[in-house]
Amino acid sequence: MKKIGSKLKLLTLLLLVWTKVSAQEEDLLKLIAEDKPKKELVKNAFKATRVINSQSMEFLSPGTMDFIILHRFGQISEGASNFFGLDQASMRMALDFGLRDNLMVGVGRSTYKKEVDGFIKYAPIRQSTGTNSFPATIAIAVGTTLNTLPWSDPLRQNYFTSRMAYYTQVIIGRKFSDKFSLQLSPTMVHQNLVASSSMSNDSFAAGIGGRYKVSKRIALTWDYSYLLYGVDMDLYNNPLSIGVDIETGGHVFQLHFSNSTGMNERAFLTETTGSWDKTEIRFGFNLSRMFQIKKKKETPKE
Amino acid sequence: MEKILLVAIALFLGASTNAQDKYFTKNGTITFDATTSTSPEKVAAVNKSVTCVLDTKTGNAQFSVLMKGFEFEQALMQEHFHENYLESEKFPRSLFKGQIINSSKINFTKNGSYDATVKGHLTMHGQTRDVETNGKVSVNDGKIAIAAKFAVLLKDYAIEVPRLVSDKVAESAIIKVDCSLQLLGN
């Protein structure tokens, strides 16, 4: 009996010491049940809403406006007398607006064919993590372009609709890692009037675009479209652009080499004349400046 | 024999009801401000989902902050904060584990406002540094509010500020903590 008593004494002592120790080293945060990870959108797959020419899977934040100036210089193959193409420039100015996390609209005007364009981009599904997550973003972009050049043949009966073209695009993209993102974008372009009988009014293209981040603020990008149908390949080429994205505060600079001049979907998909084989490529840049035009709503406290 | 057993059981129960001394919140507030005097825009964010647990017996205080919870007025600034500065994907949480070193002088059961000195380690952006600051503990009808303000040097936590934005983003950020705690029931 005495033996058991002393053993118990020891036990109580141990218990006492143990509780003291545990109070010292206790991880207090473990006492609270961790909330389930909330569903969270995967953002920044690309630095800008365009890979280079093509729409990217990325959206503007709601309430922001993006003012973009896009330049494409002349062909490098023009040589030193034309300062490797820098003597000429074609440009597009654009204003894009973020309406929702998954909805944006934009308008632009290009010097090439004095074309005005507008688009809506909407993502029914966005890549996310947490509960009910989805591994990829699926977005749809639809746009229209309007050629405002004087009629090439004013004597012919001309219709206003002949100036117009439309495009529809599905973008399926995934940010595979912090560094690497890839997207596919099947596109259909419909032109009400085409330049030659060898062209079809409807053309189809399959785009593949990606980026690889080399540092926090610098990324390599590529943007290629394979023309499947409708474009006369004797006259035109598949557009390929390779570039670098540089991010500085409120700006994104996209510097690149490309074989296309056009900067809207109709122009760069169906009217890319340059050939990479013959160094008929151009230097170009997109300069984006972001503005917050609407203050964010205060999130209500739970 | 039975007496000893009773004592043992009583002690054990006493130990397990320790939780009576613990207070917590899941929606504390932390604000972050790194605006320079020359900056035209506010470089500031607020996080309203801070988790905090305080053990009034030992004075131990621990904070867990989900970095993605920091919200800025400007969407782009918020994106850059997470993408380029704090790298919130890589380092999703910041932790503070410390102690109110003068907790013995604070009566957590009596209404009033007390000065507190907190000492501990702050882990942020993968870096751990010692932090010591003064704060306030206010007790009001079984609820405990804690508030503190301190500065962290961004360089200490390997947060690089590019020279281009150094006129807007300060070298050190003011961190304000504001938590209203309630008894942790179990």
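Parameters at a glance
Residues numbered from 1 in each chain as written. Chains lettered and ligands numbered in written order. Predicted model: local features only at pLDDT ≥ 70, side-chain atom pairs only at ≥ 80, totals over all residues. Helix = DSSP H or I, 4+ residues; strand = E, 2+ residues; numbered from the N terminus. Rg over C-alpha atoms; globule rule 2.2 N^0.38 Å. Buried ≥ 20, exposed ≤ 12 C-beta atoms within 10 Å, placed from the backbone. Contact = placed C-beta atoms within 7 Å. pLDDT = per-residue confidence, 0-100. Pairing = 2+ DSSP bridges. Axes fitted to C-alpha atoms, helices over the stretch in contact; angles between N-to-C directions. Core = buried A, V, L, I, M, F, W, Y, C linked by C-beta atoms within 7 Å.

A. Inspection of the overall build of chain A at higher detail. Looking only at helices and strands, chain A has two helices and 14 strands in total. The C-alpha atoms of chain A give a radius of gyration of 28 Å, which is well past the 19 Å a tight globule of 302 residues would have. Its C-alpha atoms give chain A principal-axis dimensions of about 120 × 40 × 35 Å. Put simply, chain A has 302 residues, and 34% of those count as buried.

B. Local environment of the overall build of chain B. For chain B, the helix and strand inventory stands at two helices and nine strands. Start at the N end of chain B and walk to the C end: the helices and strands fall as α-β-β-β-β-α-β-β-β-β-β. Going through the 186 residues of chain B one by one, you find that 31% of them count as buried. Here the contacts in chain B between residues at least 6 apart in sequence split such that 59% fall between residues at least 24 apart.

C. Main features of helix α2 (residues 75–85) of chain B. Listed in full, the buried residues belonging to α2 of chain B are Ala75, Met77, His80, Phe81, His82 and Tyr85 of chain B. Among the structural elements, β2 (64–75) and β14 (282–292) of chain A together with β2 (44–55) and β4 (71–72) of chain B are those in contact with the buried residues of α2 of chain B. Of the residues flanking the end of α2 of chain B, it is Glu87 of chain B, one or two places downstream, whose phi is positive at about 45°.

D. Just the confidence of the model for chain B, in detail. Counting all residues, the mean pLDDT for chain B is 87, and 90% of those residues have values of 70 or more. Quick note on the complex model: pTM equals 0.80, ipTM equals 0.71.

E. Layout of unusual backbone geometry. Phi is positive for Lys113 of chain A, close to 60°, though the residue is something other than glycine. Here Lys113 of chain A shows up in the loop between β4 (103–110) and β5 (115–125). Note on Lys113 of chain A: 19 C-beta atoms within 10 Å, which makes it partly exposed. A positive phi angle is found at Ala158 of chain B, which is not glycine, with a value near 55°. With respect to the element layout, Ala158 of chain B can be found in the loop between β8 (143–153) and β9 (169–183). Owing to 11 C-beta atoms within 10 Å, Ala158 of chain B belongs among the exposed residues under this scheme.

F. Local environment of the sheet that holds β2 of chain A. Residues and elements named next belong to chain A. Strand order in this closed barrel of twelve strands is β2-β3-β4-β5-β7-β8-β9-β10-β11-β12-β13-β14, and the pairing throughout is antiparallel. With direction set aside, neighbouring strand axes in the sheet form an average angle of 20°. Bridge analysis of strand β7 (residues 137–147) against strand β8 (residues 164–175) gives ten bridges, and the strand direction is antiparallel. Pairing of Ala141 across the sheet is with Gln169, part of β8.

G. Geometry of the confidence of the model for chain A. Looking at chain A, the pLDDT average stands at 88 and 90% of residues meet or exceed 70. Segment residues 21–25 of chain A is flagged for pLDDT under 50; beyond a separation of four residues in sequence, or across chains, it makes three contacts in the model.

H. Spatial organisation of the nonpolar core. Counting residues in each nonpolar core, the largest one holds 41 residues, and the members touching the most others are Cys52, Leu54, Phe81, Ile144, Ile146 and Leu181 of chain B. Of all the elements, β9 of chain B adds the most residues to this core, at seven residues. Apart from the residues lying within four places of it in its own chain, the contact partners of Cys52 of chain B are Phe24, Thr25, Gly28, Ala61, Phe63, Cys179 and Leu181 of chain B. By size, the runner-up hydrophobic cluster in this structure holds 15 residues, among which are Val51, Met104, Ala141 and Val252 of chain A.

I. Inspection of the pairing of β8 of chain A at higher detail. All names here are of chain A. Of the two faces of β8, the one lined by Ala165, Tyr167, Gln169, Ile171, Gly173 and Lys175 is fully buried and the one lined by Met164, Tyr166, Thr168, Val170, Ile172 and Arg174 carries no buried residue. Pairing between β8 and strand β9 (residues 180–191): nine bridges, direction antiparallel. Within β9, the position partnered with Thr168 by the bridge is Met188. With antiparallel pairing between neighbouring strands as the criterion, β8 and β9 make up a hairpin whose turn holds four residues.

J. Expanded view of the environment of Lys57 of chain B. Residues and elements named next belong to chain B. As for its position among the elements, Lys57 is in the loop between β2 and β3 (60–66). Since 13 C-beta atoms lie within 10 Å of it, Lys57 is described here as partly exposed. With 51 residues separating them in the primary sequence, Lys57 and Phe108 have C-alpha atoms 9.0 Å apart.

K. Spatial organisation of the environment of Lys176 of chain B. Relative to the helices and strands, Lys176 of chain B is located in strand β9. Note: C-alpha distance between Lys176 of chain B and Val161 of chain B (15 residues apart in sequence) is 21 Å.

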